[in-house]
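# Structural features, examined
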Amino acid sequence: MTPPSPATSAPTPTLLWIDASAGIAGDMLLGALVDAGAALDDLQSAVDAVIPGSVRLAAHGVTRAGLRATKVEVEVLVDDPPHRTWTTIRDLLVAADLAEPVRARALAAFARLAEAEGRVHGIPPEDVHFHEVGALDAIADVVGSCAGVEALGVTDAVVSPIALGSGTVTAHHGVLPVPAPAALELSRGWDVLAGGRGELATPTGLALATSLAGACGPLPALRPDRTGIGAGTRDTPGRANVVRVVLGTPTRGTTDAPVVVPADAGPGGTPERAVVLETNVDDLDPRVWPDVLERLLAAGAWDAWLTPIVMKKGRPAHTLHVLCGPEQATALGAVVLAHTSTLGLRVTSVVRDVLDRAWVAVEVDGGTVRVKVGHRAGRVVQATPEFGDVAALAADRGVPVRQVLAQAQAAATAAGVVQGAPWDPVDGGPAPA
Ligand SMILES: O=C([S-])c1cc(C(=O)S)c[n+]([C@@H]2O[C@H](COP(=O)(O)O)[C@@H](O)[C@H]2O)c1
Ligand code: NI
């Protein structure tokens, strides 16, 4: 047996901090993400997938209160109707050829806009007609920003306290007080900053920030890797009209906004906040379920599964369960609403206790099987041959699966990867005796 090749761990997480302390609008976030390195062509492709040939994105350097920033212009190339319904936009997003996480994030942002507009007008979200926030340029801001976040590999996001501004603004609805009604709805539950002149945070900017971010707070503990500054339209002296983004690897340094996790969270590991989404469904064509589960996993769910139940009136039905990070809950909820027949979901905050994981490769019968290692405190707790590798090798050699499974387990044991064995958590491999 060959020694295990160097262990590999999961891809490095990328934390995004959105600094909205001077306000936020969709085009400002777009500019910041492009400034941080997202390719404009990728953003344009995603927007074209939703509204083909309708807008052209262009980026150029500007200054705001003397600071350099990137301004993204959204040029509208076709006639735009005065309003567009939430259901129209939802259908466009569902039908578009988009990466699943981009679709899920864009659906989540527009779902929040629809909920907020619905509350403002006292109507169900399904009946909402968007005006400015449903226009082609707003769709481009949302889809482009979601594509930018994906292009930069963002796995989690935090938004700073958000400046809303003051005064009035004239929109399709007439003269509105600032914060505009939809903006105020969208800021509920998030930290905001008082003061500032004019409309500093628009509904689209707030919908994006509050659906992308899982938390609100100052710069979290991270190792900054990329930064970006996105300009708003106005250049206000004395206050740079910009959104800043900082992307980096999360670290364990202290911050003023620690993740609050109950003390009884788990048996000795690093507890992790998680969310479980659940809904009972009795009227979906059962042939659709595999697609729903696949979409949820492709959109970043940690797990998605069904349990058979008997509902009211004795109806056979299913409970859909989705386990995910808190920052993914809104986007994955939007996937559930878009792809099943449910009218709502239960959202439960949980704490999960997970082992640190790594991979080693072992040789079995001239082939390679990866072994997933769960380790804690310098000891192997689980060593599980990857079943897909085992099944493929068994099929290739024409031998029973259980035979390859036993060989892989034995090879892992021989390599010192066995429950209770020492594990080097830094270099990832059996620790030297
Ligand atoms: O489009 C709609 S329905 C709309 C609703 C509201 C309410 O607060 S209600 C406000 N606005 C204003 O439109 C412009 C553009 O908004 P973006 O988010 O697209 O930048 C802005 O001034 C909003 O306050 C529009
Ligand atoms: Ni409106």
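Residues numbered from 1 in each chain as written. Chains lettered and ligands numbered in written order. Predicted model: local features only at pLDDT ≥ 70, side-chain atom pairs only at ≥ 80, totals over all residues. Heavy atoms only, no water.

## Remarks on the overall build of the protein
Across its full length, the protein carries 11 helices and 25 strands. By residue count, 47% of the 433 residues in the protein fall in the buried class. Put simply, 70% of the contacts in the protein that link residues at least 6 apart link residues at least 24 apart. Only carbon and sulfur atoms are counted for the fraction: they give 54% of the accessible area of the protein, which is about 20000 Å². (Helix = DSSP H or I, 4+ residues; strand = E, 2+ residues; numbered from the N terminus. Buried < 20%, exposed > 50% of the residue type's maximum accessible area, 1.4 Å probe, protein only. Contact = heavy atoms within 4.5 Å. Areas by Shrake-Rupley, 256 points an atom, 1.4 Å probe, with all protein chains shown as cover.)

## Quick look at the site of ligand 1
Of all residues adjacent to ligand 1, which total 17 residues, the nearest are E132, V133, A182, E199 and T204. For ligand 1, an oxygen atom lies 3.3 Å from a polar atom in the backbone of P181. One of the side-chain N or O atoms of E199 is found 2.5 Å from an oxygen atom in ligand 1. Protein chains bury 89% of the 570 Å² of accessible surface belonging to ligand 1 in isolation. Among the elements of the structure, α4 (100-121), β10 (168-171), α6 (181-186) and α7 (203-212) are those that each provide at least two residues to the shell around ligand 1. Per-class residue counts for the shell around ligand 1 are 10 nonpolar, 4 polar and 3 charged. (Near = heavy atom within 4 Å. Polar contact = N/O pair within 3.5 Å; in protein donor to acceptor, adjacent residues only side chain to side chain. Nonpolar A, V, L, I, M, F, W, Y, C, P; charged D, E, K, R; others polar.)

## A word on unusual backbone geometry
Omega for the bond connecting V178 with P179 falls within 30 degrees of zero, at 0°, which places this linkage in the cis form. Tracing the chain through its elements places P179 in the loop between β11 (174-177) and α6. The backbone phi angle of K313 is positive, close to 65°, even though this residue is not glycine. Among the secondary structure elements, K313 is positioned in the loop between β18 (303-311) and β19 (315-324).

## Brief notes about the coordination of the nickel ion (ligand 2)
The coordination sphere of the nickel ion (ligand 2) contains the protein donors E117 (OE) and H173 (NE2), at a distance range of 1.8 to 2.4 Å. Linking E117 in helix α4 with H173 in the loop between β10 and β11, this pair joins segments that are 56 residues apart in sequence. (Donors = N, O, S within 2.8 Å, 3.2 Å for Na, K, Ca; no water.)

## Some thoughts on the pairing of strand β16 (residues 242-250)
Strand direction decides the pairing type here: strand β2 (residues 15-19) and β16, joined by 5 bridges, are antiparallel. Paired with L15 across the strands is G248, a residue of β16. In this sheet, β16 lies alongside strand β15 (residues 222-231) in antiparallel orientation, the contact comprising 9 bridges. By the bridge assignment for β16, P224 is matched with G248. (Pairing = 2+ DSSP bridges.)

## So, the packing of aromatic side chains
Summed over all chains, the structure comprises 1 aromatic pair. Consider the rings of F110 and F130, whose centres lie 5.9 Å apart with planes at 50°: the pair is tilted. Of this pair, F110 sits in helix α4 while F130 is found in strand β6 (residues 129-130), placing the two residues 20 residues apart along the sequence. Across the pair, F130 and F110 agree in class, each one buried. Of note, R90 hangs over the ring of W86, and the distance from its end group to the ring centre comes to 5.4 Å. Sitting over the ring of W359, R370 keeps its end group 5.2 Å from the ring centre. (Phe/Tyr/Trp six-rings, centres within 6.5 Å; stacked < 30°, edge-to-face > 60°. Lys NZ or Arg CZ within 6 Å of the ring centre and 35° of its normal.)

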